[in-house]
Amino acid sequence: MRPAAPPLLFGRRVRSVHCVGVGGMGMAPLAIYLAQAGFTVSGEDDALTDEVRDLLVRAGAGIGPLPGGCDLVVHSSAIPKAHPVYQAAASRGLPLVRRGELLAEIARGRKLVAVCGAHGKTTTTAMLVTALRQANFPAGYILGGLFNDGEMPARAGSNEWIVAEVDESDGTIDCFSPEITVAVNLDWDHPDHYRRAADFEAAFAALFARTTGAVLVSDACARSLRVADPAASPVPRLVFGRTGDFSGEAVAAAGERMTLQLGGRFAPIKAVVRAHGEFNAANALAALAAGQLMGVPANATALAGYPGVRRRQAELFAGDGLAVIEDYAHHPTEIRALLSSLRRRAGDGGRLIVVFQPHRYSRTAQFKAEFAAALALADRVHLLDVYAAGETPIAGGTTADIYAAMKERTAALPVSYLPGGEKELFRALSREARRGDWVAFVGAGDVDRHARAWIAELVEARRQAGRWDEFAAEAKARLTAGAKVRREEPLAPKTTLRVGGSARLYAEPASVDDLRWLLRTAAARGLPHFMLGRGSNLIIPDEGVDGLVVSLAHPAWARCEPQPDGRLRVGAGLRLKNLCGIAAAAGLAGFEFLEGIPGSVGGALRMNAGAMGGWMFDVVEEVEIMREDGDVKTLRRAEMHVEYRHCAELHHAIALGAVLRTPTQADTAAIGRQIDVYRSKRHETQPREPSAGCIFKNPPGGSAGRLIDASGLKGERVGDAAVSQVHANFIVNCGRATSTDVLELIRRVRAQVRRSQGITLEPEVLLYGRKWEEVL
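Computed from a prediction, not measured in an experiment: that's the story for all the values here.

On to the overall build of the chain. Of regular secondary structure, the chain possesses 20 helices and 41 strands. Viewed in the frame of its principal axes, the chain has a C-alpha envelope of about 105 × 55 × 50 Å. When the 776 residues of the chain are sorted by exposure, 54% land in the buried category. The long-range fraction of contacts in the chain, counting pairs at least 24 apart against all pairs at least 6 apart in sequence, stands at 68%. Carbon and sulfur atoms make up 50% of the accessible area of the chain, which totals about 31200 Å². For the chain, the centre of its 92 positive side-chain charges and the centre of its 87 negative side-chain charges are spaced 1 Å apart.

Here it is as structure tokens:
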């Protein structure tokens, strides 16, 4: 029923309220409460979901722009003053208040049960509301989330009580004077508002001092603030805690005991633990104790109907032995408790894979080390970019900083992070998830959207796996004897940097016909293909390669046939080191520069490989190529367009072999001496650890290595990837480096050189199966 006269809010009559950011879990339940209380409610949100829209409409709220006749505008703290609606309301002289300020105002005149704490308050509030509904106790409530059963997240209620979450993040906690305060924890959070842990605790201590009825706190809170001291407050300060078997008393006050009347041996709490995880036991204790303080005795069925809350250990997928859950945890303590619980549920045989999205740059900057420690409970971790929640980036507060902290803490834990690389993360996760795994998407931003997108990706990946299996089976039956075909072949051992994932399908054809069949069949099936030589000058992504990887590693491709006229007819699979040795033995000079290049003829042709002042195409007379459609053609050197580290004709074609010629002849001993000179120079100027060769192209008239060195980056390290101390344009694998380590280090080096030298370096190495634009 609409009030006969508009109520007083903030000293003025208010009937119509407009909610900016109404799709958020702080604002939507408040809007629903207001609509049920008889206010005319409207709201808008750029990210409004269909589900929240339906709840708002069911409650009688309108969705749309700021209406005429509006009396008050309420906004979430994430809405800046520069927001168009904020500006429009200010220009009309409308009062603008934050969500917490309005919640405190409407709670005046009712008995408020304020549930607070850095985390856990939504679950505790939901459990308390469940217990009150089970007892037919008609209190009002405003939840900070959505029930799993579709029940409204807010009710106006019909008695004097109202239960609500009180948010400390923006300081509006100072507006509340509850009848009962329930504090589930006091873990320092929101360092953007509370610079010190002491400031955070002081805000809660002040709330406790303003509480008029009773303060109910966890035992951890009691230890922090000495709230069990009866002389500290004129109102009872009660402490709840739990024993390992949940059989102890739930609430104790100084000088007296208050025992929950459960009608059984903590049956409600045990039921919650079974259904929603052990770490929810403390939340259940707090909810039951708060209900008892309100005059609602606990009983054995008090929480039997608890449906759970969205984004709190929500099970999104269960099938083929794989479990996928999503949770709102965003504080290190909360994440540690969640992962500890999931670890027990997964058992000894299951892996725990975590996808974590940090929430807010300020929190990430303050707690990155704590996040790294909490996430170390997982078996594998994938990191997403920070969800800003209206903040601008700050130094030390990015996902890259958490990644660096994790790699510093434990290099053995598989951790991946690729800025903006959501699709690549999904692909890697789809391939690595297996029967018995628990996959947890964790964070307070939009990680739930990522989770649902990945589940769709998982279904598609499994469908695609069938296509690759069919292709592999057909290839094994079709290719000649000696050819190799393998599914999910690890590629890291086939590269000089020793990082990266697997190929969906790997093949080593034994003949031109084999290669032609592979290319044509892949094209007919709509599947991409990639050529792999000796694995130098490239980086394999950790997620592997979604395609057919073809290597000319079969001996048939490594031929080297000296011709009577001094030319050499060579296959694309011939190692450059072997080519150099054969030429030297034949007295053919001019090939010595190839001795130390860890590649094959095919790769050297594609990249116009060079060293010691020599270039591959200096010794090329003609190249035999296969186009992507399988046609074979021979091109003379004059027909080809060759540049620094590039041959245009081989961009969409494969080199099968070449005819090489050098105008110079010399005795074998002289050629050997020159090779020794080059080898010695290479050993002195290039690192011996695994590397991909030079990472960046030399800028015009300059040296990438000297620019990196001048920027003070020698020795810079991410995980086990480091800028070489010997040659700054090399990134070396110090043992257990990952592709993610290498890519993050490349981004750092590139950014620092740009800042200090004013030059943007461009990669020389290939990002295999991907484009550099996607990660830089």
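Where helix α5 (residues 121–134) contacts helix α9 (residues 281–293), the two axes come as close as 8 Å, and the packing angle between them is 45°. In terms of orientation, α5 lies oblique with respect to α9. Helix-helix and strand crossings are classified by hand; for α5 and α9 the assignment is right-handed. When α5 is examined against α9, the residues T123, T124, M127 and L128 are found in contact with a partner set consisting of N283, A284, A286, A287, A290 and G291.

Take the packing of aromatic side chains next. Enumeration over the complete set of coordinates arrives at eight aromatic pairs. Look at F441 and W454: their rings are 5.7 Å apart centre to centre, the planes differ by 40°, and that puts the pair in the tilted class. With F441 in strand β22 (residues 438–442) and W454 in helix α14 (residues 447–478), the pair connects residues that are 13 residues apart, well separated along the chain. When sorted by exposure, F441 lands in the same class as W454, which is buried. For the ring pair W468 and F471, a centre distance of 6.3 Å and an interplane angle of 15° mean the geometry is stacked.

Strand order in the open sheet made by the five strands is β5-β4-β3-β6-β7, with parallel pairing throughout. Unpaired on one side and paired on the other, β5 (62–63) and β7 (96–98) mark the two borders of the sheet. Taken together, the two bridges between strand β4 (residues 40–44) and β5 define a ladder with parallel strand orientation. Bridge pairing in β5 places S42 opposite G62.

Close contact between helix α1 (residues 27–36) and helix α4 (residues 99–107) brings their axes to 11 Å; oriented N to C, the two are set at 35°. For α1 against α4, the interelement crossing comes out left-handed. Each of M27, L30, Y33 and L34 in α1 lies in contact with α4, whose residues at this interface are R99, L102, L103 and I106. Of the residues assigned to the contact of α1 with α4, the class counts are seven nonpolar, no polar and one charged.

Moving on: the pairing of strand β12 (residues 180–183). Side chains of β12 alternate between two faces, with I180 and V182 and T181 and A183 buried alike. Here four bridges tie strand β8 (residues 111–116) to β12, and the two strands are oriented parallel to one another. Residue C116 lies in a different strand from β12, and its bridge partner there is A183. The pairing of β12 with strand β13 (residues 214–218) spans four bridges and is classified as parallel. Looking at β13, one finds that I180 is bridged to A214. As for the winding sense of the linkage, the β-α-β connection from β12 through helix α6 (residues 197–210) to β13 is right-handed.

Once that is clear, we can look at the sheet that holds strand β38 (residues 717–718). Here four strands make up an open sheet; going across it, the order is β37-β40-β39-β38 and the pairing antiparallel. The sheet terminates laterally at β37 (691–694) and β38, the two strands that pair on one side only. Here two bridges tie β37 to strand β40 (residues 730–733), and the two strands are oriented antiparallel to one another. Its bridge partner being in β40, C694 is matched across the sheet by F730.

In this section: unusual backbone geometry. For N136, which is not a glycine, the phi torsion comes out positive at approximately 55°. On the secondary structure map, N136 appears in the loop between α5 and β9 (140–142). N136 gets classed as exposed once you look at its relative accessible area, which sits at 68%.

The periodicity of an α-helix, 3.6 residues per turn, causes residues three or four places apart in sequence to face the same way. Between its terminal C-alpha atoms helix α15 (residues 512–524) stretches 18 Å, which fits the 18 Å expected from 13 residues at 1.5 Å a residue. Here the buried face of α15 lies against α14, β24 (502–508), β25 (529–532), β27 (545–551), β32 (620–627) and β36 (653–660). Phi turns positive, to about 70°, at G526, one or two residues after α15.

One finds L102, L375, L383 and I539 to be the most contacted residues of the largest nonpolar core, which totals 115 residues. Tallying contributions element by element places α1 first for this core, with eight residues. Setting aside anything within four residues of it in sequence, one finds L102 in contact with L9, F10, V17, L30, L34, L72, V74 and V97. Judged by nonpolar contacts, the second largest core, of 33 residues, contains A126, L303, Y306 and V309.

With that settled, the discussion passes to the environment of E315. By the element assignment, E315 lies in strand β17 (residues 314–319). Taking the C-alpha atoms as reference points, E315 and R754, 439 residues apart in sequence, are found 45 Å from one another. Every residue in contact with E315, bar those within four places of it in the chain, is listed here: V324 and I325.

A separate point is the confidence of the model for the chain. When the pLDDT values of the chain are averaged, the result is 86; 92% of them are 70 or greater. Taking the mean pLDDT of every element in the chain, the minimum, 37, falls on strand β16 (residues 256–258) and the maximum, 96, on β40. Predicted confidence is poor over residues 242–266, with pLDDT under 50, and the contacts of this stretch with residues over four places away or in other chains come to 58 contacts.

Rules behind the numbers
Residues numbered from 1 in each chain as written. Predicted model: local features only at pLDDT ≥ 70, side-chain atom pairs only at ≥ 80, totals over all residues. Heavy atoms only, no water. Helix = DSSP H or I, 4+ residues; strand = E, 2+ residues; numbered from the N terminus. Buried < 20%, exposed > 50% of the residue type's maximum accessible area, 1.4 Å probe, protein only. Contact = heavy atoms within 4.5 Å. Areas by Shrake-Rupley, 256 points an atom, 1.4 Å probe, with all protein chains shown as cover. Lys, Arg positive; Asp, Glu negative; His and termini not counted. Charge placed at Lys NZ, Arg CZ, Asp CG, Glu CD. Axes fitted to C-alpha atoms, helices over the stretch in contact; angles between N-to-C directions. Parallel < 35°, antiparallel > 145°, perpendicular 65-115°, else oblique. Left-handed = near helix turned anticlockwise from the far one by under 90°. Phe/Tyr/Trp six-rings, centres within 6.5 Å; stacked < 30°, edge-to-face > 60°. Pairing = 2+ DSSP bridges. Nonpolar A, V, L, I, M, F, W, Y, C, P; charged D, E, K, R; others polar. Right-handed = clockwise from strand over helix to strand, strands pointing away. Expected span 1.5 Å × (residues − 1). Core = buried A, V, L, I, M, F, W, Y, C linked by side-chain atoms within 4.5 Å. pLDDT = per-residue confidence, 0-100.

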